[in-house]
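Descriptive analysis of the structure
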Amino acid sequence: MQPNTGKTRPVEKVEGVTIRFVGDSGDGMQLVGSEFTKASAIAGNDLATFPDFPAEIRAPTGSLAGVSGYQVNFGSRDIFTPGDQPDVLVAMNPAALKTNLQDLRPGGILITNSGAYTEGNLEKAGYKSNPLDDDALKKNYKVVSVDMDKLTQAALAGSGLSNKDVARCRNYFALGMMYWLYSRPPEPQLENIRAKFKKKPEIAEANVKVFQAGHAFGETTELFVSQYTVPAAKLAPGTYRNVTGNGAAALAIAATAKLTGRQVFLGSYPITPATEILQDSSYFKDMGVVTYQAEDEIAGIGSAIGASFGGSLGVTTTSGPGLALKSEMLGLAVIAELPLVVINVQRGGPSTGMPTKTEQSDLYIALFGRHGEAPLPVIAARSPADCFYAVMEGFKIATKWMTPVIVLTDGYLGFGSEPFRIPEEGELKPYLVKYQTTVNDPAGYMPYKRDDKLIRPWAIPGTPGLEHRIGGLEKDSMSGMVSYDGMNHEKMVKTRAQKIRNVIEDVPDVEVDGEPTGDLLLLSWGGTYGSVRGAAARLRAQGKKVGHVHLRWLNPLPKNLGAVLKSFKKVLVPEVNDGQLANYLRMSFPGLDPMQFNRINGKAIKISELTAKVNEILG
Amino acid sequence: MSQNGQTQNPVPTYTKKDFESGVDPRWCPGCGDFSIINQVQKAMPNVGVARENIVFISGIGCSSRFPYYMNNYGMHTLHGRAPSFASGLKVSRPELMVWVITGDGDALAIGGNHFIHTMRRNLDLKVLMFNNRIYGLTKGQVSPTSELGKKTKTTPHGSPDYPFNAPALALGSGATFVARSIDIEGAHMGGVIAAAAAHKGSAFIEVFQNCPVFNDGAYTFLTDKAVKTDAILRMEAGKPLLFGKDNKKGIRFDGQKAELEVVTLGENGVTEKDILIHDPTRSDPTIAFMMANLSDRAGFPTPIGIFRSVRKPTADENTWEMIKAAKAKKGDSSLRKFLADADTWEVK
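About the criteria used
- Residues numbered from 1 in each chain as written.
- Chains lettered and ligands numbered in written order.
- Predicted model: local features only at pLDDT ≥ 70, side-chain atom pairs only at ≥ 80, totals over all residues.
- Helix = DSSP H or I, 4+ residues; strand = E, 2+ residues; numbered from the N terminus.
- Rg over C-alpha atoms; globule rule 2.2 N^0.38 Å.
- Contact = placed C-beta atoms within 7 Å.
- Buried ≥ 20, exposed ≤ 12 C-beta atoms within 10 Å, placed from the backbone.
- Pairing = 2+ DSSP bridges.
- Nonpolar A, V, L, I, M, F, W, Y, C, P; charged D, E, K, R; others polar.
- pLDDT = per-residue confidence, 0-100.
- Axes fitted to C-alpha atoms, helices over the stretch in contact; angles between N-to-C directions.
- Domains from an automatic or database assignment.
- Core = buried A, V, L, I, M, F, W, Y, C linked by C-beta atoms within 7 Å.

Here we take up the overall build of chain A. Assigned secondary structure in chain A consists of 22 helices and 22 strands. The C-alpha atoms of chain A give a radius of gyration of 27 Å, which matches the 25 Å a tight globule of 619 residues would have. Along the longest, intermediate and shortest principal axes, the C-alpha atoms of chain A span 95 × 60 × 45 Å. Of the contacts made within chain A by residues no fewer than 6 positions apart, 76% connect residues no fewer than 24 positions apart.

Looking now at the overall build of chain B. Within chain B, the secondary structure is distributed over 12 helices and 12 strands. Across the 348 residues of chain B, 47% fall into the buried class. In chain B, the share of contacts with a sequence separation of at least 24, taken over all contacts with a separation of at least 6, comes to 66%.

This part covers the sheet that holds strand β8 (residues 242-243) of chain B. Residue and element names in this part refer to chain B. In spatial order, the strands read β8-β9-β10; together these 3 strands make up an open sheet with antiparallel pairing. Because the sheet does not close on itself, it has two edges, and the strands there are β8 and β10 (259-264). Direction of pairing for β8 relative to strand β9 (residues 249-254): antiparallel, over a ladder of 2 bridges. Residue L242 lies in a different strand from β9, and its bridge partner there is G250.

Before going further, it helps to spend a moment on the interface of chain A and chain B. The partner chain B presents 55 residues to the 60 residues of chain A that form the contact. The set of elements that each furnish at least two residues to the side of chain A that touches chain B consists of α1 (29-42), β9 (238-244), α10 (245-260), β10 (264-268), β11 (289-293), α12 (297-309), α14 (327-336) and β17 (469-471) of chain A. Across the side of chain A that touches chain B, the residue classes break down as 31 nonpolar, 17 polar and 12 charged.

What follows is about the confidence of the model for chain A. In this model, chain A carries a mean pLDDT of 94, and residues with pLDDT of at least 70 account for 99%. Considering only residues more than four positions removed or in separate chains, one finds that residues 1-6 of chain A, a stretch of pLDDT under 50, has 6 contacts.

Moving on to the sheet that holds strand β21 (residues 568-575) of chain A. Residue and element names in this part refer to chain A. Strand order in this open sheet of 4 strands is β19-β18-β21-β22, and the pairing throughout is parallel. Edge positions in the sheet fall to β19 (546-551) and β22 (595-598), since each of these pairs with one other strand and no more. Sheet twist, expressed as the average angle between the axes of neighbouring strands with direction ignored, equals 25°. As judged from the 6 bridges shared by strand β18 (residues 518-525) and β19, these two strands associate in the parallel manner. When the bridges of β19 are listed, L520 appears paired with V546.

Mapped onto the elements of the fold, M29 of chain A is located in helix α1. In sequence terms M29 of chain A and G331 of chain A are 302 residues apart; their C-alpha atoms lie 43 Å from each other.

Structurally, chain A comprises domain 1 (11-229), domain 2 (242-421), domain 3 (435-506) and domain 4 (518-618). Taken over C-alpha atoms, the centre of domain 1 of chain A sits 59 Å from the centre of domain 3 of chain A.

Residue and element names in this part refer to chain A. Ranked by internal contacts, the top residues of the largest apolar core, which has 258 residues, are I253, V391 and V407. No other element matches α10, which puts 10 residues into this core. Among all residues touching I253, those that are not within four sequence positions of it are V264, L266, S281, F284, V289, V315 and V391.

Have a look at this one:
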């Protein structure tokens, strides 16, 4: 260990920093990342995070496949994404270094656990020699190589803990160093550790000791040339919490039950990356949420539709493969005209694809993935916190229009996190979900007799005198009884389609970020919002005439979209797929041929790669 | 008031007619389904539940047109999926009486997964399965209950597959009520339906049903006058399992071989005391399972009646106990307080 020189290091003020913590999937990097995030949030920084982990729960220790990471971008200015390029890489072993070093900004800080660079680990990572001895590494990065294994053991000498337990504390050493490096007060973290390991006080104290050792090490070592501070960001006043997209979706499910006074019924089946919505919601029983883990994806949506028939607000959660399985059921919800919300957390496809990696490739299936003529509203969330509002909106539309609604999020939003301003008391307005309780026609109750918006009434079991039967067969346009009459079918198909077009009254116009006209319009949807908004701001700062429009509504498309698209010389559609929105626009606006920028690498689009593309186009 | 704000109406006095929707059933003349709906409509006035609180949910197939003919709330859903809709409805509205109407293909082929899970959960659903051992609506293909060697349009050289024994499958899946009846045994079927209605928990009834068009005579091996008394064993709770002419034959449990055997009273010293007493309330389903499997064994009669009827807390009861406990523990939280139940920080 370096002797304490007593020197204080200069404190540099920085606007924003991106840190990536990487290690074995058992190393606790998700924990370290989220703890550091919490500290940044409490310090008032705006932030965004994203975890990155393998589909295997525990790949072999030290292997490349087993590397798990957590990236946090925090700053004193608006943070749009978890960051393109880490400024700091904390790599706990050679495999983590090997798989992540290429992302580290040239000149960035590499903090690594030299104790893990054993012959065995080097071999598993495919290194012929120890990369820490490589002069090029030291030339390109500020390398802080620390034997965290040894220092953790030293801090816990005489603790009586097993070697395994001692080794498991080392992530707190790394966290302690990061606290010092970014001038975070350590005290709240000590409380956190004690609360987290309340049931195992000896482990809590060990982690506290190791955390303090890491903090002290930062202070005393001369390996760091300076310490940093990131001032608080200018966020709207209020009370904040951090939310992931999946966490926010679950909060919206509970909030909807509260705002409507109706039971929300979530029927679902576990699937990565959507499972957390079901898990979180199962804790919200007191809020009026009933959860049901079905035997499969089909039964998940079936139970939700069954509950909707009974007057509950049915919702199901899934990801791509599950959405494919649910498509027949969605057709039934369309023809029966029952309210239903489907939250689809997109992942890399087709088939099992890349379960833990993000993609925006379910736009087609959301818009068109049913047999027969079966249109339905499609909404996409734009950020982790926005998953709350997108899901709430999904319920409102589904219950008002008596239709299934698909809310698209993705793995990047679902796992990613950002600060969420908790709405003030009364800020979220209650709304009425009403049932038909009286006979609506001289001939008796007519379940498909519509109002002027083409919405049918909703009478639920338990209501005397309104007993009726509905189902998947085409139905008479009034009574709902089975009808094989061709003209009636045509009328019903067109009526259902028109009803979905009528939803436009609830679709706000798009707003252009930047000037209303210009050389190039960036048009995005869903989870790419942050990257594209960030890129647009950067491009305008460079003097480019670039606007940004973000689509929340995919069906129906906003009324003014066509006109807005025409106000720019060029339109570029960045997507994490092979061009699904771009093609949909070609179909919806004949003559328009937008340019595409597509990434299908399981990651969000980087601000830097998008600005480079725009600069290439605009010359 | 129920969860959804509907009042619990007092149950009026009904007649069979109150459960007829007025839509003429579109089943083939002579179809066994007529007899089944007749018995259900006859049973409904006596189940003690208001008409608007009874729901019929079906899948796809001839049997699944059933809800259209009942004057209740009803849903004609997707092939095999009726149990999933019914499960969501029952969990969300436990005060409703929910029936699932299904067939052998619907329940045991495309819907097999939903079927076994509905049984093991012990949700309070009544599943009425019409078993005609054929796909009728698609005009005559082999079904999962068709016998080995059965010649159908898709098995012109005979079915190579062994069939399901539906009550055995239900028992193996954990059903708390399992029964069997036959379409032409109206009174017997009515009794079984009433017992299922009174049961709390997943109830399964298999009804052997003749398809006069695509599988005519499927059950004549049981129902022909000449063989009937020897072929059918009528299980009655608390009574010895006797059958045959003058009830001279019986089922005995051979303890050494651990199997059931057919014996004749008065032969080899056999008396009524040797005959197994039927007890559907045994908590161990093993004997019920052995009884269910008799119909597949040569030389044994086919049992009808209630194989098993056991009361266990249902999944919907368990769910609502947990909801009640969570509400009692957490109280009525405001939305803001709920959303702020996390690590929070203030921005001024």
